[in-house]
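Here's the letter readout for the chains.
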6 protein chains.
Amino acid sequence: MQRGWLDHAEGSVLIEFGGTRVLCAASVQDSVPRWRRDSGLGWVTAEYAMLPRATNTRNERESVKGRPGGRTQEISRLIGRSVRACVDYKALGENTVHLDCDVLQADGGTRTAAITGAYVALADAIAWMRERGMTTGEPLIASVAAVSVGVVDGEARLDLCYAEDVVAQTDMNVVCTGDGRFVEVQGTAEGRPFDRGELDALLDLAASGCAELTALQREVLGR
Amino acid sequence: MQRGWLDHAEGSVLIEFGGTRVLCAASVQDSVPRWRRDSGLGWVTAEYAMLPRATNTRNERESVKGRPGGRTQEISRLIGRSVRACVDYKALGENTVHLDCDVLQADGGTRTAAITGAYVALADAIAWMRERGMTTGEPLIASVAAVSVGVVDGEARLDLCYAEDVVAQTDMNVVCTGDGRFVEVQGTAEGRPFDRGELDALLDLAASGCAELTALQREVLGR
Amino acid sequence: MQRGWLDHAEGSVLIEFGGTRVLCAASVQDSVPRWRRDSGLGWVTAEYAMLPRATNTRNERESVKGRPGGRTQEISRLIGRSVRACVDYKALGENTVHLDCDVLQADGGTRTAAITGAYVALADAIAWMRERGMTTGEPLIASVAAVSVGVVDGEARLDLCYAEDVVAQTDMNVVCTGDGRFVEVQGTAEGRPFDRGELDALLDLAASGCAELTALQREVLGR
Amino acid sequence: MQRGWLDHAEGSVLIEFGGTRVLCAASVQDSVPRWRRDSGLGWVTAEYAMLPRATNTRNERESVKGRPGGRTQEISRLIGRSVRACVDYKALGENTVHLDCDVLQADGGTRTAAITGAYVALADAIAWMRERGMTTGEPLIASVAAVSVGVVDGEARLDLCYAEDVVAQTDMNVVCTGDGRFVEVQGTAEGRPFDRGELDALLDLAASGCAELTALQREVLGR
Amino acid sequence: MQRGWLDHAEGSVLIEFGGTRVLCAASVQDSVPRWRRDSGLGWVTAEYAMLPRATNTRNERESVKGRPGGRTQEISRLIGRSVRACVDYKALGENTVHLDCDVLQADGGTRTAAITGAYVALADAIAWMRERGMTTGEPLIASVAAVSVGVVDGEARLDLCYAEDVVAQTDMNVVCTGDGRFVEVQGTAEGRPFDRGELDALLDLAASGCAELTALQREVLGR
Amino acid sequence: MQRGWLDHAEGSVLIEFGGTRVLCAASVQDSVPRWRRDSGLGWVTAEYAMLPRATNTRNERESVKGRPGGRTQEISRLIGRSVRACVDYKALGENTVHLDCDVLQADGGTRTAAITGAYVALADAIAWMRERGMTTGEPLIASVAAVSVGVVDGEARLDLCYAEDVVAQTDMNVVCTGDGRFVEVQGTAEGRPFDRGELDALLDLAASGCAELTALQREVLGR
C-alpha cells in the first residue's frame, strides 16, 4: 500500500495484493446529495471500475457500452456499504467523501483489495478535513478490511488468485471491522452447495485474514 | 403459491408472503446464448423487476429511466445464481429457461419470495420440457428456497416485513437447497456490525425457515 | 374487474377481458410537474407496459433494452389523453394522478382494457382525495370506456381476441364517454383500405360496446 | 412540391403547405431487414423528425436527448403504415425503401404533409428501381394523401395552421388512397368530446381534401 | 447564401458550396446556461448534424442510435469555438445564441460551410437583438470564415469536393477572421505525413480562400 | 516512461510528464472489425479516458453518465489517427491492436503524452506479434511523438502544464513522425486569434520538441 499516490486527491493509496493493483482515491466535497440536505449529516459513496486491460483479455469500456455492468454496480454498492460502517455522519458534517477504486491490474480479490484500500484513502481524507476544521468530533469510528476466501480442492484458502478463483467450489467475501465484527458476509456456491462446517471454516479463516490486514492498515497509517 | 397463474408461460406461479406478491414465469427457448452454442449444455437466466406501484410510494419505471438500477440487477443476478444451482445443464440440453420474477406488491422479502417461486416455475417448465422429450435424463438435481432473516431489537427474526426490515440492525438473505446446504449467504450490517454469535443464530433460523419452504414447495408441486 | 387489488395504491383494479389481464394502479401525488406549477391546475398521466411473458412468446424487457418502444409510448399517450377527458383540472387542485397499466397477460385488446380499467382506478383515487379534502368541487366530470372493433372476414366484430386481431382487415380503437360521445377514434387498415360504409358499421358497433362497458363500470363502482 | 430536391436520393421532394416545409427522401436498399429475409418480399419504412429550429422556439435535438420522443415515434409509425398501403411487397422484391421526412419548418399539419410528400418520393424511388430491373410487376398499387381537419369555433376546417390547431376542439388526421378509401382515421378530442355528427362532417371534409391532394400528386408526377 | 430562409429563426441562412447545402439557424434565448448565470456574460453554442440522406448512401439517424457520434460532436465543438471568436460576451449580455447547422446535402467541406454560414446567421441574430435593445455596445467584434484545403496528387487544392477529399494525402480545415488571422488550424495526414513546405503552401491557399469568403459574407450581409 | 508496467498486456508503458501520468496498454486481437474482414489488412484503434480523480476536482465517471463525452471521443480519434500513421496494415495481417490510454493523473498535455506513450506500447505489442509469427514483413514503418505548445504572455512555450494551459492565448498540439514530418497540426486560438508569425514560431518549437521525444522513445525501446 503506497499512500499519497495521487497529487490532487485528499486521500489516495495504490494497493497491491499479488498481481492485483487497485488505485483508491478519496475526494472531499463540501456538500451532500440533494436528498440529504439540511440534515446536518454527511455521506460517503464509492465507485468501482476496471481498466479495459486490467485482465488477461481486454474488456470493452463501460463508458463505450453506455452503462456500468451489473457486476460493477454490485461491487460499488458493496464497497459503499463497507466504508459507511466506519463513519459517524454527524461528526462528518454536511460533507461527502467519494471513494473511487479503479482496478489497474486484476488477479483475483479486486473487490476486497478495493475495500481495504478505500478505508486507508478515507482515513487520509478525513484527516485532511480535520486539519481544515470541516469536522466536529471524530467521524472515523471504525476501520474495515476485507478478504476473499474459498474452498479449493475441498480445502479453505485465503486470498484466492484468479487461477484459484476459477476452480473454487465456494467463493466468499468477508468484510470485518478492526475489532473483529462482521460488516458483510457474502458466500456463493460455485457448482456445489456448501454445508455448515465448510461455512464455519471459511468464516474462521476470513476473520483471521481481516485481522492481519487491519494490522497492516494501522502500520501504513502510522498508528 | 398458485401454480399455472399464466396461460402462455411454460411454468408460472403467483407467490404471496404476507403483503408481498411476486409473479414468477418460466419461458422455455429451444436455443442457448451465443457464447454457449455447440456446447451441448443448457442455460438458465433470471430477471427481477418491480411494478411502479408495488411499494408504498410510486417508483419511476426503469424502462423510462433508461436502465435497470443497481439493486434490480443485483437481485436478478442473485436469483439466477440460485436457480442455476438446481440444474444439470447437460440433461437440460441446448435449451434456455428464462425466469421472470415481477413484484406486483412489495412488503419485505421480495427477493427471497422470488427465488422460492422461481424454483416452482422452473420445475413446471422442466416438466413441460420432459413431456416433449426436450431433455435427456433429469435436469432438476436439487430444489432451492430462500428466506430473509434479521436482527430486530437484538433478536433474530424470520421473514421480516417492510416495517421490520427498515429497523433491522442486520439483514441476511440465505438460499438453501432442499437437503439443507447453502447456495448463498448474504449478510449485511445495517448500522451496527454483527458478531459471530449473532451470525450463527441467524444461520440456524434461516436453515429452519428454508426447510419449511422446501416442504411447502413439495406440497404445491404434488411431490 | 376486481377493485382494490393492491394494498398501497390509492386506486387499483385488476381487469380481465377474455385472456387479457391488466393491473391498473392510480397513485396520487400532492404536486404537479414543473411546467404546471403555480397554475392552480392538476395533472393526470398514464404509463402502459407489458410483462415479458404476458404474450405467447417472451418479449425482452424494455428496461433492459434501455427505452420504452414506440408502441408502448404510443399506447401510454393514448391512455393519458383518454383519462384526461374525465377530469376538471381546477377541481383536482395542484395534484397529479399517475395511472400505471401493466399487462400481466395479453390476448388482444390490451390498450382498450387498460383505458376502461384506468378510469375505475382514477375514480377510486379521486374518491380517496375527496375524503382527504384535497379537491375543490368535483374533479370527475365524465367517464370513459374503450373497445377495439375490427373487420374479420368482411364482418364488423367487437373485442377481437389475439387470433382474430391478427387476421383483421381493419382494426379500430374507440374511446367513448359515458354519455356516448367520442374521445378518440383510431382506425387503421391492415392490408386493405376500408370504405365509408365499413367505417360507419364499426363506429356503430364500438359505440354500443362502450355503452355496455360504461354500465359495467358503474356497477363495479357501485353507482 | 419540388421533386428531385436532393442529388443523391433515389426519390425526393420538398413539400410546402402554408408555412410548413418538409423534405421527403426515399432511399433504396437492395436487401431487407433480417426478419424478412428469404421471404421474397420487400419492405418500406419511414422516419419523421424535426429540425431544432423548425418551430417558433427552439427544441432540443433528439440525438442529444438520447432518444426519439414518443410523438416522433408515433408519427414515424403512422407514415410507415400509410405508405405501406401503396405497395405490393412481392413486386418490390427483396428490397427496402426508407422514407425520411424531415420537417425544416413547421406551421401545422407536418405529419399529413409528410405522408403526402412521402408518397411522391416513394413513387420516384420505385420508378428508379423499375428502370434498373429491380422490381417484378408493378409494386405501386395505390397512392396515398393525408389531411388534417379540425373543429374550430364549432366549425369543421381543413388544413389547420399552427394557430388554429392550438384552439381546435377536435383534431383529426385522415389518410386516404387515391380512390377515396381510408387507410387511417385518427381523431382526438381536445378539451370537448365530439359527437357522431361532428365526426361525419370532419370525415366528409377530409375525404374531399385528400381528393384534391391526389390530383396535385398526379400532376407533379406527370401522370 | 440565402439569408432569412426560415420564418421563425432570429437569423438563418441556406449556404450552398458545390453540391453541399447547409441550413444554419440562429436562435436567441434570453438566459444563459446555469454555470454562466449572474456573470453578466452571454454564451454562444453550436450543433452540427446531417440528415440521413444527405450523403450518397443513407446513414442511420443519430437520434435512433441514441447518441451523436464522435465526428458529429467534434464538428459541433469546432463550430462553437469558431463563432465564439466573433463575440464580446459582455456586450451580448446574459443571452445565449444557439447555432444549428444541419447538412441537407453533403459533397465535401460541410464543416467549413457550416462555420461560414453560422457566422452570417449569428450576425443576423445579433442585429435582431440590437434592435430590441438586448445588447450593450457591439457584441460582434470579428467575422469568421472557413475553408478546407488539401493535397491531391501532390498539389495544394482549395475546397475539395467529396471525390477529391477521399483521395487527398493531406486534409486541412482552416478558420480565419475577417482581418486574416487564424482561429483554428487542423491539418491531418491521410496516408502520408506532410512536410513543412506542404504545410506552408496549404496555409497560404487557405488564407486567400478565407479572404474571398469574407468578401462574400460582407456582400450578403450588405456591408 | 516505464515499459511493461502491466503483466497481461502485450505492450504497456506508464508515461510521466511533469504531474501528468498516463498508462498506455496495447492489446493484440487476432481478428479485425467486421468491415475489414477478408481484406488481408490489420487495424489499430485507440481509446482515451481519465480516472475521476485525475484532476484537481473530481469528474463524474463517463460510464455513469452513460456515454463518453465529446472531448474524450475527439482525443480518442486523434490518438487513433496518430498511431495509425506508424503502421503498414498489410504487414500487420488480419490482426487488431487496441491502445488504451488511461490518464491516472492530469497536469496538462495528457493527449500528447498519450500519443507518445501509445507509440511505445504499440512498438512492444508489434514485437510480441513478430516473435509469434503473426506478422509478415515489418508493420512498424514510422514512429510518432506529440507535444503541446502554446503562446503564454506573447511567448511560444513547450509542454504547458495545467496552470499555463489555462492562460495560454493559443494552444497547439502537434504530432510528428520520427523523421520530422507532420501527422497532425491542431491549433486553436483561445481568446485572441493568432497570426502567421506566431504560428510559424509554434511549429518550429513543436518540431524540436517532438525530435527530443523521438530520441527518448528510441532510448526507452533500446534502439
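Look up a bit, the structure's there.
Residues numbered from 1 in each chain as written. Chains lettered and ligands numbered in written order. Predicted model: local features only at pLDDT ≥ 70, side-chain atom pairs only at ≥ 80, totals over all residues. Heavy atoms only, no water.

Trainee: Outline the sheet that holds strand β9 (residues 182-189) of chain F, listing residues and values.
Mentor: Taking strand neighbours across the sheet as the criterion, the eight strands line up as β7(E)-β6(E)-β8(E)-β9(E)-β9(F)-β8(F)-β6(F)-β7(F) in an open arrangement whose pairing is antiparallel. Of all strands in the sheet, those bounded by a partner on one side alone are β7 (155-158) of chain E together with β7 (155-158) of chain F. Here the strands of the sheet are splayed against their neighbours by 20 degrees on average, with no regard to which way each runs. Of the pairings in the sheet, the one linking strand β6 (residues 144-152) of chain E to strand β8 (residues 170-177) of chain E comprises eight bridges and is antiparallel in character. Each residue of the ladder has a partner; that of A146 of chain E, found in β8 of chain E, is V175 of chain E. Relative to β6 of chain E, helix α4 (residues 110-131) of chain E is tilted by about 165 degrees, and along the sheet it contacts β6, β8 and β9 (182-189) of chain E. Packed on one face of the sheet, helix α6 (residues 196-220) of chain E meets β6, β7, β8 and β9 of chain E together with β9 of chain F and runs near 145 degrees to β6 of chain E. (Pairing = 2+ DSSP bridges. Helix = DSSP H or I, 4+ residues; strand = E, 2+ residues; numbered from the N terminus. Axes fitted to C-alpha atoms, helices over the stretch in contact; angles between N-to-C directions. Contact = heavy atoms within 4.5 Å.)

Trainee: Help me get a handle on the relation of the copies chain A and chain F, residues and values and all.
Mentor: When chain A is fitted onto chain F, the two copies agree to an RMSD of 0.0 Å after a turn of 180 degrees and an axial shift of 0.0 Å. In short, the pair behaves as if placed about a two-fold rotation axis. Closest approach to the rotation axis among the C-alpha atoms of chain A is made by S63 of chain A, whose C-alpha sits 1.8 Å away. Most of the interface of chain A is mirrored in chain F, where 100% of its interface residues are also at the interface. (Least-squares fit on C-alpha atoms with pLDDT ≥ 70 in both.)

Trainee: With reference to specific residues and values, describe the relation of the copies chain B and chain C.
Mentor: Of the transformation placing chain B onto chain C, the axial shift is 0.0 Å and the rotation is 180 degrees, giving an RMSD of 0.0 Å. In this assembly the copies share their binding face: 100% of the residues contributing to the interface of chain B also contribute to that of chain C.

Trainee: Residue-level account of the packing of helix α2 (residues 70-84) of chain E against α4 of chain E, with values.
Mentor: Residue and element names in this part refer to chain E. Between α2 and α4, the least distance of the axes is 10 Å, while the angle of their chain directions is 40 degrees. By the angle between their directions, the pair α2 and α4 is classed as oblique. The two elements α2 and α4 cross, and the hand of that crossing is right-handed. Together, R71, I75, L78, I79, S82 and V83 of α2 and T110, R111, A114, I115, A118, Y119 and L122 of α4 make up the contact between the two elements. For the contact of α2 with α4, the class distribution of residues is nine nonpolar, two polar and two charged. (Parallel < 35°, antiparallel > 145°, perpendicular 65-115°, else oblique. Left-handed = near helix turned anticlockwise from the far one by under 90°. Nonpolar A, V, L, I, M, F, W, Y, C, P; charged D, E, K, R; others polar.)

Trainee: Tell me what's going on with the interface of chain A and chain F, and back it up with residues and numbers.
Mentor: Often, the extent of an interface is quoted as the loss of accessible area upon association of its parts. Taken together, the contacts link 35 residues of chain A with 35 residues of chain F. Around 3,000 Å² of area is buried between chain A and chain F when both sides are counted, 49% of it from carbon and sulfur atoms. Applying the counting rule to chain A against chain F returns twelve salt bridges. Of the charged contacts in the structure, one is a salt bridge between D102 of chain F and R61 of chain A, with a shortest N-O distance of 2.9 Å. At the junction of chain A and chain F, the tally comes to 22 residue pairs in polar contact (both at pLDDT 80 or more). If you list the elements that add at least two residues to the side of chain A that touches chain F, you get β3 (20-29), β4 (43-50), α1 (62-65) and β5 (96-105) of chain A. Looking at the side of chain A that touches chain F, its residues break down into 16 nonpolar, eight polar and eleven charged. (Buried area = accessible area lost by both parts, 1.4 Å probe. Salt bridge = Lys/Arg side-chain N within 4 Å of Asp/Glu carboxyl O. Polar contact = N/O pair within 3.5 Å; in protein donor to acceptor, adjacent residues only side chain to side chain.)

All quantities given are derived from atomic positions and should not be read as evidence of function.
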